[in-house]
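Descriptive analysis of the structure
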Amino acid sequence: MAPTSRAAWEQAYARVESALRSAGAASAADLPALEETRIRFLGRKGELTELLKALKDLPLEERKALGPKGNALKESFEAAIASRRAELEDAGDAASLKNETVDLTLPALRPPRGRLHPLTVTLREIADIFHRMGYDWAEGPFVEDERHNFSALNFPPDHPARDSQDTFYLEGLPLLLRTHTSTVQIRAMEASRPPIRVVCPGRVFRHEQTDVTHSAVFHQVEGLVVDRGAGFSDLKGHLQTFLEALLGRGTKTRFRPSYFPFVEPSAEVDVKCFLCPGSGCPACKRTGWIEILGAGVVHPKVLEGVGWDPEQWSGFAFGIGVERVAMLLHGVRDLRDFYVNDLRFLNQFDEDLA
Ligand code: PHE
């Protein structure tokens, strides 16, 4: 029964106070015991809660006199609970720290880290060498027109050389996916005046059967130099300098006569096979050599086409296959490995790319 007179309330107060004292919140053994005590007195039906609720049944004057007394008891109880809780929590932390051990000899967990694709790294490596040789960097679009991909490069209309490039045409449009980065030769010349010295790295597309050395999507780095008196011997010098910077001093190269309509004379350049020292294997088609670039002296018609006078200016161009170079550098036997995104393959380049 709730006390309804001052005397009865004060008696109840004395009971609660002594119960609080003997409950000994300040010395509760652990956190659950402390919580139990709190609920016993301050829960919804707790003894102290009831005592305070009973105040409202007393006349106003008495409420004024007794209210502060009841509240003071509640506050001191709450303070006791809070300080004991803090003590018990600190002790708990200390105990769990004692039980925890750290083995500093364990190998660290490596967070997964992104890295550049080996082809991107190779492409940049190639472009960087030329950059040090004074070449600028130029880029062009993947979707091209016939003029930049063929006509301006001296491929006559309906000439079979156009077929040799196995072009992807865009349906219903006079556009195609560029079959080589030589398109950027034209774009770079159109955008400037002679002399010029640029590399144009990028992706190219050919409707080709995929095999260990071919893919329908691959990368080239084009080079173009136009200057007064630049010719084939300069071309050889630049390429030999480049190949030795890339593959090491004394790298063996071979220039073979070839045909590209936009350069005359034309050559294909091979380097010694990296898999079989010359004896012949599938990667070098049993020749002991791997073709990595095409090159030649810029055809006068190409210069004329962009309005540059071939009597004053001459130059040379080359196109390097990035996949072939990456295969050489890393001993990769199958070009397709670069395109399947198998992390077991890609992760092997960690050291190289660090
Ligand atoms: N564009 C040629 C190809 O893709 C390569 C090349 C570039 C040849 C520049 C000569 C000069 O095969």
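Calculation rules
Residues numbered from 1 in each chain as written. Predicted model: local features only at pLDDT ≥ 70, side-chain atom pairs only at ≥ 80, totals over all residues. Heavy atoms only, no water. Pairing = 2+ DSSP bridges. Helix = DSSP H or I, 4+ residues; strand = E, 2+ residues; numbered from the N terminus. Contact = heavy atoms within 4.5 Å. Axes fitted to C-alpha atoms, helices over the stretch in contact; angles between N-to-C directions. Near = heavy atom within 4 Å. Polar contact = N/O pair within 3.5 Å; in protein donor to acceptor, adjacent residues only side chain to side chain. Areas by Shrake-Rupley, 256 points an atom, 1.4 Å probe, with all protein chains shown as cover. Nonpolar A, V, L, I, M, F, W, Y, C, P; charged D, E, K, R; others polar. Buried < 20%, exposed > 50% of the residue type's maximum accessible area, 1.4 Å probe, protein only. Lys, Arg positive; Asp, Glu negative; His and termini not counted. Salt bridge = Lys/Arg side-chain N within 4 Å of Asp/Glu carboxyl O. pLDDT = per-residue confidence, 0-100. Phe/Tyr/Trp six-rings, centres within 6.5 Å; stacked < 30°, edge-to-face > 60°. Lys NZ or Arg CZ within 6 Å of the ring centre and 35° of its normal.

A separate point is the sheet that holds strand β5 (residues 217-227). Through backbone hydrogen bonds, the strands of a sheet pair up, either in parallel or in antiparallel fashion. Spatial ordering of the open sheet is given by β1-β4-β5-β9-β8-β7-β6, a layout of seven strands whose pairing is mixed. Two strands lie at the open edges of the sheet, namely β1 (136-137) and β6 (253-260), each paired on one side alone. Relative to the sheet, helix α9 (residues 232-247) contacts β4 (196-205), β6, β7 (263-272), β8 (289-298) and β9 (314-321), its axis offset from that of β9 by approximately 30 degrees.

Around the ligand sit 14 residues, and of these His180, Ser182, Arg206, Gln220 and Gly319 come closest. With respect to the ligand, the side chain of His180 contributes an N or O atom lying 3.0 Å from a nitrogen atom. Between an oxygen atom of the ligand and a side-chain N or O atom of Arg206, the distance comes to 2.8 Å. Relative to its unbound accessible surface of 330 Å², the ligand loses 93% to contact with the protein. Counting residues per element, the shell around the ligand draws most heavily on β9, at three residues. Class assignment of the residues belonging to the shell around the ligand gives a composition of six nonpolar, six polar and two charged.

With respect to the helices and strands, the residue Arg178 is situated in the loop between β3 (175-177) and α8 (182-190). Salt bridges are absent for the buried Arg178, whose nearest opposite-charge side chain, Glu144, sits at 5.9 Å. Once residues lying within four places of it in the same chain are set aside, the contact partners of Arg178 are Gly140, Pro141, Phe142, Glu144, Asn149, Thr183, Val184, Pro201, Gly202, Arg203, Val204 and Phe205.

This part takes up the side chain of Asn149. Take Asn149: it is sitting in helix α6 (residues 146-149). The class of Asn149 is buried, set by a relative accessible area of 0%. With sequence-adjacent residues up to four places away left out, Asn149 is seen in contact with Phe155, Leu176, Arg178, Thr179, His180 and Thr183.

For the rest of this paragraph, the subject is the confidence of the model for the protein chain. Mean pLDDT over the protein chain stands at 91; residues scoring 70 or higher make up 97%. The spread of mean pLDDT over the elements of the protein chain runs between helix α13 (residues 350-353), the lowest at 52, and helix α10 (residues 300-305), the highest at 98.

Per the counting criterion, the structure on display carries 13 aromatic pairs. With centroids separated by 5.5 Å and ring planes inclined at 65 degrees, the aromatic side chains of Phe142 and Phe205 adopt a geometry described as edge-to-face. Of the two residues, Phe142 sits in the loop between β1 and β2 (143-145) while Phe205 sits in strand β4, which places them 63 residues apart along the sequence. Members of the aromatic cluster, connected to one another through ring pairs, are Phe130, Tyr135, Phe242 and Phe318. Lying over the aromatic face of Trp313, Arg228 brings its terminal NZ or CZ to 4.2 Å of the ring centre. Just above the ring of Phe255 sits the side chain of Lys236; from NZ or CZ to the centre is 5.0 Å.

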